[in-house]
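Examining the three-dimensional arrangement
Chain by chain, the residues run as shown.
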Protein chains: 2
Amino acid sequence: MTLDLEQINAADAARFVEWLAGTYEHSPWIAERAARLRPFASLVQLKLALARVVREADREEQLGLIRAHPELAGKAMAGGTLTAESTHEQSRAGLTDCTPAELEKIRRLNADYAARFGFPFILAVRGPRGLGLSKAEIIATFERRLHNHPDFERAECLRNIHRIAEIRLDDKFGHVPALGNRVWDWAERLSTNSDPGYAERGELTVTYLTDAHRACAQRLAHWMKSDCGFDEVEIDAVGNVVGVYHGLDRSAKRLLTGSHYDTVRNGGKYDGRLGILVPMACVRELHAQGRRLPYGIEVVGFAEEEGQRYAAAFLGSGALTGHFDPAWLDQTDADGISMREAMVHAGLCIADIPKLARDAARYLGFVEVHIEQGPVLGEIDLPLGIVTSINGSVRYRGEIVGMASHAGTTPMDRRRDAAAAAAELLLFVEQRAAAVPHLVGTVGMLEVPSGSINVVPGRCLFSLDIRATTDAVRDACAADVRAELERICERRGLSHKLEETVRAAAAPSAAAWQARWERAVAALGLPLHRMPSGAGHDAMKLHEIMPQAMLFVRGLNAGISHNPLEAITNDDAELCVQAFQNLLDQLAMEPA
Amino acid sequence: MTLDLEQINAADAARFVEWLAGTYEHSPWIAERAARLRPFASLVQLKLALARVVREADREEQLGLIRAHPELAGKAMAGGTLTAESTHEQSRAGLTDCTPAELEKIRRLNADYAARFGFPFILAVRGPRGLGLSKAEIIATFERRLHNHPDFERAECLRNIHRIAEIRLDDKFGHVPALGNRVWDWAERLSTNSDPGYAERGELTVTYLTDAHRACAQRLAHWMKSDCGFDEVEIDAVGNVVGVYHGLDRSAKRLLTGSHYDTVRNGGKYDGRLGILVPMACVRELHAQGRRLPYGIEVVGFAEEEGQRYAAAFLGSGALTGHFDPAWLDQTDADGISMREAMVHAGLCIADIPKLARDAARYLGFVEVHIEQGPVLGEIDLPLGIVTSINGSVRYRGEIVGMASHAGTTPMDRRRDAAAAAAELLLFVEQRAAAVPHLVGTVGMLEVPSGSINVVPGRCLFSLDIRATTDAVRDACAADVRAELERICERRGLSHKLEETVRAAAAPSAAAWQARWERAVAALGLPLHRMPSGAGHDAMKLHEIMPQAMLFVRGLNAGISHNPLEAITNDDAELCVQAFQNLLDQLAMEPA
């Protein structure tokens, strides 16, 4: 039978538990406790209630839930412990049809994993799209996760258990996240174009105006026009893909939205792109329904945000705010090709760039959907988060110079150890940032160049990245860190250089727009989680000329980003499209 | 007139000051205070007394002394401030004969230096051999020292002032350090053979059994035989150059001495080699005087100590102690050439290696002269130091694994920052080692592999080197550091690996032999400075079978070693030969 919400809200607890049997492996206590949290306004509310029960269970109960699962490909070895659901899922992944060598590999992984963690490896083998991971993907994930910290890995198992449960519930309720699937499949298709040198290794790298970059633009433009029904689609003078879906009146103000389609080197499939594809899915639905809104929708796939090929980050959104710097045209890439040459080669009309600057009076505002790129939503089992502000940031590159000397012959009190000074600074940054909410400080690069095991470090290079929800908080931290660096070097008799490389102002969300995202998320039956964006986004640039607000989507794998492991589920993508649709509906109902 | 000690000890203070005028530039107060420290038993005692006056002067007096010097090539610009001595020395270095481009370069360096330090750049332009540095050497030194820390650079200027004074005093006293010059010139000549790839860049690299290595052996053997008058000279089955100068009775016990002639990559000219050349100079004098001692002298140039081409450090001295490991023969170098092949290629008789093991009963003991390879003697203005023990050491390579994550989006309390953990460990090592005299601990290699400015470090590699005068002190420190690493990683939720790569036992000097070195140094009129050797030496190996003790010689440039800047003066080399001669004389007078 196919379940529906009305049924499960009305049923007695025993019936409720019976219907949900098999959602969580051999653990009826989860449904029993969730029964008390009824009624559920949406399927996702039920999913969140179940996850909350597990999150609030004690550690032994959580471990019990994990241990209730079979080992991977366990049927062949342990026998008899699999639920029908497990058998079906493992079989779908080909795990019931392994070669002897594969079985032996999995057997060894299971043994190593059990020895390290004391519980079986759990993976939602049907994966983020629900169609099943390949055997190779499963084994690679197994090998990778073997190196996780035990605390983290326990949480990762629980997250996988929730994903297994989500897919099983989708099946029980006959729920197909069709909009999410469309977005997910677009992102997958878009990831097949990658720059030379990376494509061969299966890595995704799309930097400004390479062949792969131009192919992505072409693909996005084609989907907008042919698949989604945008009225006007254009690749503009800097390579932005701009699609317009007119309102009832072609001259009506427009909602501006979008994100970037370039990537970092060996990056993920969703960073940026999700913010183009989600509104595309919304326009597609509107067009399919023949529906026009009282305002136009302008979706922009920004050509450049990451600053990878040229040191000109936010080039795409900067062109819209009138901040394209002509001096950038003379920058050259690693192969000596100037930006000007690259633009001419791509057929872009450089002379028209100034015309791209938007008149803010013609727009309602700017919204942007983005993958979180952090662990927060994953840790609290929430698919969507409301962005309150894009953090202001400042970055430095530093060098501390001491005196290289023999590690055996230089007494401790006669050393000028550059790495020790950098270590002190790193710990100061960590402690200073931890003392203030939503302030982060990172020494991401740290190196003793040509260091030797028996030489006291004479030089140490480091980077420093400080971000906060307000510029004042950021600047106070940066000033303290710089002063501490002075003090450390003075005390240790070292010299140092510190060069500021990036400075970006904080961009708080416009209250009215943040409130629209909050209503949209609440309408889905989801609790609100408000959070700053630690990363910079195109919305930061648009913030300079119009109100803006962002919505975050949970990332898998602890929210890792700028990494091939970056991922989202089709179910989360579905919720994101629905939230965007709700925001569009709210706008449509507001008085002009 | 030529001064002599008797004169200056007897003269009244005014006359003393007058005679020393010009030794220190425009600073008669130095001689005035030194006059009160008479009588001087040796020229070097006078030199040390003058240096002591400067060391004990207050900072303003020291700066006044420095500022009393002209800028480099200053005559051409400032005019009139040069003493006759300065004019003569700068002219000898060609500095009064600069091209306009050179003058412009020096002018800019002088300006930058003055802006940074507030005093003029001072360099003993007659150099460590007294013959004068080239213009190119002077300019390179100038450029290098511009980057020093101000405290260090002030001390470096004072050390150069003492060297300038030393050369002027040598002239005043008609003192020619002939033995030191011979050793210095041998070392210079020996440095002209260098391995391919390094020789072209003017760098010194001599690794086991390369053509350059074999040329050095040939040169040493030739000098021993033809120049010094050793009775027997042989290149043995592992490539050691062994010279024997018989005692009155050819079957008398022998004093064993020597050091290694291989080098690290881009190394210095004295590390190892000095310990071969100094006893060679002694034997040369004995032979020239037709003098035989009641014991034989066996000088060994060890073929291999540094473990550069093959991971078989102390191969040369190990062969003498019977610890040549035949498994080493199958090791291959970076080009895939096995040690066995290299030995056959060099015509060495591998089968005879076991015969190299020495019968300790036939030797009095082992002494070794070595450059300090550290800053201590330089800082206290002493040419020679007495080694009390060669420190025991242990080395590790470590890896800390956390979780890489976005620097902007990962809250401080959710990070697993591998570099922060390494920073904590580094500071623990520093503080733990500093708390115990003659214990040193170093994190010389430190790296976040592929770190990014905006990524929380997920991995950090580091090395650890711990040394102490006793194995117990070393092991207690290592145990504390390992425990702290556990604690840090446990608290931060990280994993780690720590692999021990080297472990060497401490080798305390034999009391009777240390006492001989002490008497030899005292006989020169020098104060005793006892110190452990932080670095390992061939004496560590010989320690396993016979009593040993070492003598250290001051290194210039803050004692830097394993570096082309490694250097000694001819005057210090002279004192070292004299100390060795004194030790030989002591032994000759002891009852058999």
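Rules used throughout
Along each chain, numbering runs from 1 in the same order as the chain's sequence is written. Chains carry letters and ligands carry numbers; both start at the beginning, A for chains and 1 for ligands, and go up in the order they are written. Totals for whole chains, interfaces and linings use every residue, but because this is a predicted model, local features are given only for residues with pLDDT of at least 70 and side-chain atom pairs only at 80 or more, for both listing and counting. Here the side-chain values reflect all heavy atoms present in the structure, with hydrogen atoms and water set aside. Under the DSSP-based scheme used, a helix requires at least four consecutive residues in state H or I and a strand at least two consecutive residues in state E, with every element numbered from the N terminus. The globule rule used here is 2.2 Å times the number of residues to the 0.38 power, and the radius of gyration it is set against is calculated over C-alpha atoms. Working definition: with a 1.4 Å probe on protein chains only, accessible area under 20% of the residue-type maximum means buried, over 50% means exposed, and in between means partly exposed. Areas reported as accessible are Shrake-Rupley estimates using a 1.4 Å probe. Residue values count occlusion only from the protein chains shown. The convention is simple: Lys and Arg are positive, Asp and Glu are negative, and His and the chain ends are not counted. Every charge is mapped onto a representative atom, which is NZ of Lys, CZ of Arg, CG of Asp or CD of Glu. Here, two residues are considered to be in contact whenever any of their heavy atoms come within 4.5 Å of each other. Buried area is calculated as the accessible area (1.4 Å probe) missing from two parts once they are joined, with the contributions of both summed. A side-chain nitrogen of Lys or Arg and a carboxyl oxygen of Asp or Glu constitute a salt bridge if their distance falls within 4 Å. Copies overlap after least-squares fitting; the atoms used are the C-alpha atoms of residues with pLDDT of at least 70 in both. Polar contact is defined as a pair of N or O atoms within 3.5 Å, subject to the rule that within protein one atom must be able to donate a hydrogen and the other to accept it, and that residues adjacent in sequence are counted only when both atoms are side-chain atoms. Strands are treated as partners if at least two bridges between them are detected by DSSP. What the arc measures is the spread of directions leading from the helix axis to the C-beta atoms. Working definition: a disulfide is two cysteine sulfur atoms within 2.5 Å of each other. Each Phe, Tyr or Trp ring (for Trp, its six-membered ring) is paired with any other whose centre lies within 6.5 Å, and the angle between the two planes then decides the class: stacked below 30 degrees, edge-to-face above 60, tilted in between. A residue's pLDDT is simply how confident the predictor is in it, with values from 0 to 100. Geometry is summarised by axes, namely lines fitted to C-alpha atoms with helices restricted to the contacting stretch, and by angles between N-to-C directions that run from 0 to 180 degrees. Working definition: roughly parallel below 35 degrees, roughly antiparallel above 145 degrees, roughly perpendicular at 65 to 115 degrees, and oblique for all remaining angles. By the definition used in this description, the sense in which the near helix is turned from the far one sets the handedness, with an anticlockwise turn below a right angle giving left-handed and a clockwise turn giving right-handed. Amino acids are sorted into nonpolar (Ala, Val, Leu, Ile, Met, Phe, Trp, Tyr, Cys and Pro), charged (Asp, Glu, Lys and Arg) and polar (every other residue, Gly among them). A helix is expected to reach a length of 1.5 Å times the quantity of its residues less one.

**A few points about the overall build of chain A**
Counting its secondary structure elements, chain A contains 20 helices and 16 strands. For 592 residues, the compact-globule formula gives about 25 Å, and the C-alpha radius of gyration of chain A, at 26 Å, lands near that figure. By the burial criterion, 60% of the 592 residues in chain A qualify as buried. Counting every atom, chain A has about 22,300 Å² of accessible surface; 51% of that belongs to carbon and sulfur. The averaged location of the 79 negative side-chain charges in chain A is 1 Å from the averaged location of its 65 positive side-chain charges.

**Points about the interface of chain A and chain B**
How big an interface is tends to be reported as the loss of accessible area on association of its parts. Every contact between the two is made by 66 residues of chain A and, on the other side, 65 residues of chain B. Note on chain A versus chain B: buried area summed over both sides is about 5,100 Å², and carbon and sulfur give 62% of it. Joining chain A to chain B, the criterion identifies four salt bridges. A salt bridge links Arg492(A) to Glu430(B), with the nearest nitrogen and oxygen atoms 2.6 Å apart.

**A word on the relation of the copies chain A and chain B**
Laying chain A over chain B is done by rotating through 179° and shifting 0.4 Å along the axis; what remains is an RMSD of 0.3 Å. The transformation just described matches what one would write down for a two-fold rotation axis. Of all interface residues in chain A, 97% are interface residues in chain B too; the two copies therefore contact each other through one and the same surface.

**Points about the side chain of Asn160(A)**
Residues and elements named next belong to chain A. Following the sequence through the fold, Asn160 ends up in helix 9 (residues 150-172). Within the structure, Asn160 has its side chain in polar contact with the backbone nitrogen of Ala124 (distance 2.9 Å). Beyond its immediate sequence surroundings of up to four residues, Asn160 is in contact with Ile122, Leu123, Ala124 and Arg145.

**Details of the pairing of strand 6 (residues 384-390) of chain A**
Put simply, side chains in a regular strand alternate between the two faces of the sheet. All names here are of chain A. Counting buried positions along strand 6 gives six out of seven residues, so the element sits mostly inside the fold. Here strand 6 pairs with strand 16 (residues 548-553) via three bridges, running antiparallel. When the sheet's bridge partners are listed, Leu384 is paired in strand 16 with Val553. The pairing of strand 6 with strand 15 (residues 530-533) spans four bridges and is classified as parallel. Counted as the bridge partner of Ser389 is Pro532 from strand 15.

**With respect to the environment of Leu204(A)**
Residues and elements named next belong to chain A. Its place among the elements puts Leu204 in the loop between helix 10 (178-190) and helix 11 (211-228). Taking C-alpha positions, Leu204 is 7.6 Å from Thr263, a pair spaced 59 residues apart along the chain. Those residues within four positions of Leu204 in sequence are excluded, and the remaining contacts are Ser191, Asn193, Ser194, Thr263, Val264, Arg265, Asn266, Gly267, Gly268, Lys269 and Arg273.

**Points about helix 2 (residues 13-20) of chain B**
All names here are of chain B. Buried within helix 2 we find Phe16, Val17, Trp19 and Leu20. Angularly, the buried residues of helix 2 cover 160° about the axis, an arc narrow enough to put them on a single face. Counted as exposed and oriented over 90 degrees from the buried face of helix 2: Ala14 and Glu18. Buried-residue contacts for helix 2 involve helix 1 (5-10), helix 3 (28-35), helix 4 (43-56) and helix 10 (150-173).

**A closer look at the side chain of Gln586(B)**
Residues and elements named next belong to chain B. Within the secondary structure layout, Gln586 lies in helix 21 (residues 570-589). According to the relative accessible area criterion, Gln586 is buried, its value standing at 10%. Setting aside residues no more than four positions away along its own chain, Gln586 makes contact with Arg516, Arg519 and Ala520.

**Some remarks on unusual backbone geometry**
All names here are of chain A. Put simply, Arg38 and Pro39 share a cis peptide bond, and its omega is 5°. In this structure, Pro39 sits in the loop between helix 3 (28-35) and helix 4 (43-56). Located in the positive-phi region is His438, a residue other than glycine, with phi close to 60°. The exposure class assigned to His438 is partly exposed, which follows from its relative accessible area of 46%.

**Overview of the environment of Leu556(A)**
Residue and element names in this part refer to chain A. Structurally, the position occupied by Leu556 is in the loop between strand 16 and helix 20 (570-589). Note on Leu556: relative accessible area 25%, which makes it partly exposed. For the pair Leu556 and Leu498, spaced 58 residues apart in the sequence, the C-alpha separation amounts to 36 Å. Leu556 has contacts with Pro128, Ala567, Ile568 and Thr569, leaving out every residue within four places of it along the chain.

**Some remarks on the state of the cysteines**
If you walk through the whole model with that rule in mind, you get zero disulfides over all chains. With no disulfide partner, Cys477(B) has as its closest neighbouring cysteine sulfur the one in Cys489(B), 17 Å distant.

**Things to note about the packing of aromatic side chains**
When we look at a pair of aromatic rings, we describe it by the centre distance and by the angle of the planes. All names here are of chain A. Per the counting criterion, the structure on display carries 22 aromatic pairs over all chains. Seen from their ring centres, Trp186 and Trp223 are 5.9 Å apart, and the 25° between their planes marks the pair as stacked. With Trp186 in helix 10 and Trp223 in helix 11, the pair connects residues that are 37 residues apart, well separated along the chain. Of the residues examined, Trp186 reaches a relative accessible area of 5% and is grouped as buried. Of the residues examined, Trp223 reaches a relative accessible area of 11% and is grouped as buried.

**Some remarks on the pattern of salt bridges**
Scanning the model with the defined rule gives 102 salt bridges over all chains in all. With its nearest N and O atoms 3.1 Å apart, the salt bridge here joins Asp475(A) to Arg503(A). One end of the pair, Asp475(A), is in helix 17 (residues 471-492); the other, Arg503(A), is in strand 13 (residues 495-504), with 28 residues separating them in the sequence. Overall, Asp475(A) belongs to the partly exposed group, its relative accessible area being 30%. A salt bridge links Asp475(B) to Arg474(B), with the nearest nitrogen and oxygen atoms 2.8 Å apart. According to the relative accessible area criterion, Arg474(B) is buried, its value standing at 3%. Where salt bridges share partners, they join Lys47(A), Arg163(A), Glu166(A), Asp170(A) and Asp571(A) into one cluster.

**A look at the confidence of the model for chain A**
Residues and elements named next belong to chain A. A residue-level look at chain A finds 98% of positions with pLDDT of 70 or above and a mean pLDDT of 93. Per-residue pLDDT stays below 50 along residues 75-81; that stretch engages in nine contacts with residues further than four places along the chain or on separate chains. Overall fold confidence (pTM) sits at 0.77, and the ipTM for the predicted complex is 0.78.

**A short note on the packing of helix 11 (residues 178-190) of chain B against helix 12 (residues 211-228) of chain B**
When two helices pack together, their arrangement is captured by the angle between the axes and the distance separating the axes. Residue and element names in this part refer to chain B. Interaxial distance between helix 11 and helix 12 falls to 11 Å at its minimum, and their mutual angle equals 150°. With respect to each other, helix 11 and helix 12 are oriented roughly antiparallel. As for the relative orientation of helix 11 and helix 12, their crossing is right-handed in sense. For the pair formed by helix 11 and helix 12, the contact residues are Trp186, Arg189 and Leu190 on the first element and Cys216, Arg219, Leu220, Trp223, Asp227 and Cys228 on the second. For the contact of helix 11 with helix 12, the per-class residue count stands at six nonpolar, no polar and three charged.

**A short note on the packing of helix 8 (residues 100-117) of chain B against helix 10 of chain B**
The contact between helix 8 of chain B and helix 10 of chain B brings their axes to 10 Å, and the two run at 115°. Judged by residue contacts, Tyr113(B), Arg116(B) and Phe117(B) of helix 8 of chain B engage Pro150(B), Glu153(B) and Cys157(B) from helix 10 of chain B.

**Re helix 12 of chain B**
All names here are of chain B. For helix 12, built from 18 residues, the straight-helix expectation of 26 Å at 1.5 Å per residue is met to within 8% by its first-to-last C-alpha distance of 24 Å. Turning to helix 12, its buried residues number three or more, namely Ala212, His213, Cys216, Ala217, Leu220, Ala221, Trp223, Met224 and Cys228. Buried residues along helix 12 sit in contact with helix 11, strand 1 (232-235), strand 2 (241-245), helix 13 (274-288) and strand 4 (296-302). The positive-phi residue at the C-terminal boundary of helix 12 is Gly229, with phi of around 85°.

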